[in-house]
Amino acid sequence: MKTQVCIIGGGPSGLLLSQLLHLQGIDNVVLERQSRDYVLGRIRAGVLEHGFAELMREARCGERMDREGEIHEGFFIAHDGRMDRVDLHRYSGGSSVIVYGQTELTRDLYEARDRMQGTVVHDVQDVQLHDIAGTSPSVSYRKGDERVRVECDFVIGADGFHGVSRKSIPAGVLSEYEKVYPFGWLGVLSRTKPVSPELIYARHERGFALCSLRSQVLSRYYIQVPLSDKVEDWSDEDFWAELRRRVPSEVAGRLLTGPSIEKSIAPLRSFVAEPMRYGSLFLAGDAAHIVPPTGARGLNSAASDIHYLYHAMLGHYRDGDDSGLDGYSAKALARVWKAQRFSWWMTTMLHTFPDSLAYDRKLQDTDLAYLFSSEAAMRSLAENYVGLPF
Ligand SMILES: Cc1cc2nc3c(=O)[nH]c(=O)nc-3n(C[C@H](O)[C@H](O)[C@H](O)COP(=O)(O)OP(=O)(O)OC[C@H]3O[C@@H](n4cnc5c(N)ncnc54)[C@H](O)[C@@H]3O)c2cc1C
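Residues numbered from 1 in each chain as written. Predicted model: local features only at pLDDT ≥ 70, side-chain atom pairs only at ≥ 80, totals over all residues. Heavy atoms only, no water.

What about helix α11 (residues 358-371)?
The cut-off we apply is this: Labels follow the DSSP assignment, with helices taken as runs of H or I lasting at least four residues and strands as runs of E lasting at least two, numbered in each case from the N terminus. Helices are assigned an expected span. That span is 1.5 Å times one less than the residue count. Using a 1.4 Å probe on the protein chains alone, a residue whose accessible area is under 20% of its type maximum counts as buried, one over 50% counts as exposed, and one in between counts as partly exposed. Think of it as the arc spanned by the lines of direction from the helix axis to the C-beta atoms. Throughout, a residue-residue contact means that at least one pair of heavy atoms, one from each residue, lies within 4.5 Å.
With 14 residues, α11 should reach 20 Å at 1.5 Å per residue; the first-to-last C-alpha distance of 20 Å fits that figure. Taken as a whole, α11 has its buried residues at Gln364, Leu368 and Leu371. Burial along α11 is one-sided: seen end-on, the buried residues are contained in an arc of 70 degrees. Among the exposed residues of α11, those oriented more than 90 degrees off its buried face are Ala358, Tyr359 and Lys362. Each element contacted by the buried residues of α11 is listed here: β5 (74-79), α10 (323-350) and α12 (375-386).

Next up, the structure:
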């Protein structure tokens, strides 16, 4: 098989880039290890920056997002038994975020790829990258009994944290920066009316909690749990009881509970691999960096990579200008690190750390006190949460 761009990974990063390139007449193929049902069964992010939404519209995939997504102009931080509101609209100069599930967004991207007869190959096994140091790379994979080789100009590694692309870069090339947090988030999705129209981030001595949503009939709740906990340890009843303990009593009193339709534990980790390019391989999204979900930066950071990569590819194919490709890694990483800093700060301020000193807890108190007493601090939070410019 021959194509211009071979994209490994059919998650949001890979599909969005595929769709944008196709609209510009740049031929590409997406290789995805899992079935489509499996990819669409994963419950992940739900808060989109406007920059991301713009890219979805540019990719002609924004119609349902604009119809069904909810504009959120603020969120709450619950602490010490009270709730303080972060007015994103006011402190970001009129901006907001869109609540629209990653699952729905991925479905829209798949449907757009189908409409345009884009090539997305599912259930590929044993994906291998060849000759990526040079200018004639290829990617091979197995599907059933057949081994297929895709020859291309560029390979895009959009295959997530556990993918094969980053691991195909020779040892010694990448610098990897990692911080693993000593806890995870236990998440429950339930077909219930959300307890609050806006998200509630709750700091509590028993551990962090988040009341989030996907729509007005679909709620997503999380509680901080030790890394040793297993999903089977938590019945729905235990989960709801613990969530009630961690939110202010007025919120606990109006919480509507129901059977979980998905329940999973996600460990919290920060990770960045530098550089994001090796020869003709470009890394994008979770393949190069991940953040703890506090602050909702993961999916949005993937989107900014795609924005830079898309324009770099356009420069190459349309204008014969490679400056975008040459500058991609540095440009993407500059924004990635700001998202890392913000996610680390939100995580540190709001979670209970098992071995924290009394001193650390005083600093957490002071961080919150400063935030709600300083317009400058509020502006900084709002600017980061709605998304720094691309
Ligand atoms: C449990 C969980 C909860 C999250 N919650 C949030 C949140 O609340 N807010 C937020 O902003 N972010 C959240 N994130 C992060 C967000 O979901 C990711 O940043 C986003 O999915 C990144 O998209 P991606 O396309 O780069 O990677 P992925 O979505 O991981 O997609 C990569 C794709 O590559 C495929 N793949 C892997 N290996 C191969 C291979 N060898 N060959 C071919 N295909 C391969 C995978 O099957 C996958 O479909 C969460 C992540 C997880 C895991």
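From this point on, the discussion continues.
Examining the pattern of salt bridges
This is how it is decided: In what follows, salt bridge is the name for a side-chain nitrogen of Lys or Arg lying within 4 Å of a carboxyl oxygen of Asp or Glu.
In this structure the tally under the stated criterion is 28 salt bridges. A salt bridge links arginine 85 to aspartate 87, with the shortest nitrogen-to-oxygen separation between them at 3.8 Å. A relative accessible area of 35% means that arginine 85 is categorised as partly exposed. One network of salt bridges, in which partners are shared, links Glu63, Arg64, Arg67, Glu68, Glu104, Arg107 and Asp108.

Some thoughts on a nonpolar patch on the surface
Applicable threshold: Within this analysis, patches are made of residues with over 30% relative accessible area and no salt bridge. Like charges are joined at 9 Å or less; nonpolar side chains (Val, Leu, Ile, Met, Phe, Trp, Tyr) at 5 Å or less. Note that accessible areas follow from Shrake-Rupley with a 1.4 Å probe, and for residues the cover is restricted to the protein chains shown.
Residues Leu357, Tyr359 and Leu363 make up a contiguous nonpolar surface patch of about 350 Å² in total accessible area. With respect to the helices and strands, leucine 357 occurs in the loop between α10 and α11.

Quick notes on the sheet that holds strand β17 (residues 260-274)
This is how the line gets drawn: Should DSSP find at least two bridges between two strands, the strands are regarded as paired. To define axes, lines are fitted to C-alpha atoms, for helices over the stretch in contact only, and angles between the resulting N-to-C directions are given on a 0 to 180 degree scale.
Spatial ordering of the open sheet is given by β6-β5-β14-β15-β16-β13-β17-β20, a layout of eight strands whose pairing is mixed. Each edge of the sheet is formed by a strand with only one pairing partner; in this case those strands are β6 (82-87) and β20 (289-290). Bridging between strand β13 (residues 175-190) and strand β16 (residues 218-226) involves eight bridges; their strand directions are antiparallel. Bridge pairing in β16 places leucine 186 opposite isoleucine 223. Where helix α7 (residues 236-246) meets the sheet, it contacts β13, β14 (200-202), β15 (209-215), β16 and β17, and its direction lies at approximately 85 degrees from that of β16.

A short note on the pairing of strand β10 (residues 138-143)
Sheet analysis places strand β9 (residues 125-130) next to β10, joined by four bridges and oriented antiparallel. Bridge pairing links glutamine 125 to arginine 142 in β10. When β10 meets strand β11 (residues 146-151), the two strands line up antiparallel, connected through six bridges. Within the sheet, the bridge partner assigned to tyrosine 141 lies in β11 and is valine 148. The loop that links β10 with its antiparallel partner β11 comprises two residues; one of these, glycine 144, has a positive phi angle of about 60 degrees.

Quick notes on the packing of aromatic side chains
Spelled out, the test is: Any Phe, Tyr or Trp ring, taking Trp's six-membered ring, that has another such ring centre within 6.5 Å forms a pair; planes under 30 degrees apart are called stacked, those over 60 apart edge-to-face, and the others tilted.
Evaluation of the coordinates by the stated rule reveals 17 aromatic pairs. With a centroid separation of 5.9 Å and an interplanar angle of 70 degrees, the aromatic rings of phenylalanine 154 and phenylalanine 282 are classed as edge-to-face. Of this pair, phenylalanine 154 sits in strand β12 (residues 154-157) while phenylalanine 282 sits in strand β19 (residues 281-283), and the two are 128 residues apart along the sequence. Grouping residues by exposure puts phenylalanine 154 and phenylalanine 282 together as buried. Ring plane angle 65 degrees and centroid distance 6.4 Å describe the contact between tyrosine 308 and phenylalanine 390, whose orientation is recorded as edge-to-face. One end of the pair, tyrosine 308, is in helix α9 (residues 298-319); the other, phenylalanine 390, is in the segment after α12, with 82 residues separating them in the sequence. Given a relative accessible area of 9%, tyrosine 308 falls into the buried group. For phenylalanine 390, a relative accessible area of 31% puts it in the partly exposed group. An aromatic cluster of three or more residues is present, and its members are Phe75, Trp185, Tyr201, Phe208, Tyr222 and Tyr385.

Topic: the site of the ligand
Here is the rule: Residue proximity to a molecule or strand is established when one non-hydrogen atom of the residue lies within 4 Å of it. In protein, a polar contact means a hydrogen-donor-capable atom and an acceptor-capable atom, both N or O and within 3.5 Å, with residues adjacent in sequence counting only if both atoms are side-chain atoms; elsewhere, any N or O pair within 3.5 Å suffices. Under the grouping applied here, Gly and all other residues not named as nonpolar or charged are polar, the nonpolar ones being Ala, Val, Leu, Ile, Met, Phe, Trp, Tyr, Cys and Pro and the charged ones Asp, Glu, Lys and Arg.
Around the ligand sit 29 residues in total, of which Ser13, Glu32, Arg42, Gln102 and Asp286 are the nearest. Take proline 12: an N or O atom from its main chain is 3.3 Å from an oxygen atom of the ligand. One of the side-chain N or O atoms of aspartate 286 is found 2.7 Å from an oxygen atom in the ligand. Taking 1000 Å² as the accessible area of the ligand by itself, protein coverage stands at 87%. Among the elements of the structure, α1 (12-23) and α9 are those that each provide at least two residues to the shell around the ligand. Residue composition of the shell around the ligand, grouped by class: twelve nonpolar, ten polar and seven charged.

A closer look at the nonpolar core
This is how it is decided: Within this scheme, the nonpolar core is defined by two criteria: the residues are buried Ala, Val, Leu, Ile, Met, Phe, Trp, Tyr or Cys, and they are joined through side-chain atoms within 4.5 Å.
Formed by 71 residues in total, the largest nonpolar core has its most connected members in Leu16 and Ile156. Broken down by element, this core gets its largest block of residues, nine residues, from α9. The contacts of isoleucine 156, once residues within four sequence positions are left out, are Val5, Cys6, Ile7, Ile8, Leu17, Leu281, Phe282, Leu309 and Met313. Counting 33 residues, the second-largest nonpolar core is a separate cluster that includes Ile77, Val86, Tyr181 and Tyr385.

Remarks on the sheet that holds β11
Across the sheet, three strands lie side by side as β9-β10-β11; this open sheet has antiparallel pairing. Each edge of the open sheet carries a strand with a single partner, namely β9 and β11. The sheet shows a mean angle of 15 degrees between the axes of neighbouring strands, direction not considered.

Section: the environment of serine 329
Note that serine 329 resides in helix α10. Considering only alpha carbons, one finds serine 329 and arginine 277, 52 residues apart in sequence, at a separation of 6.0 Å. Among all residues touching serine 329, those that are not within four sequence positions of it are Pro275, Met276 and Arg277.

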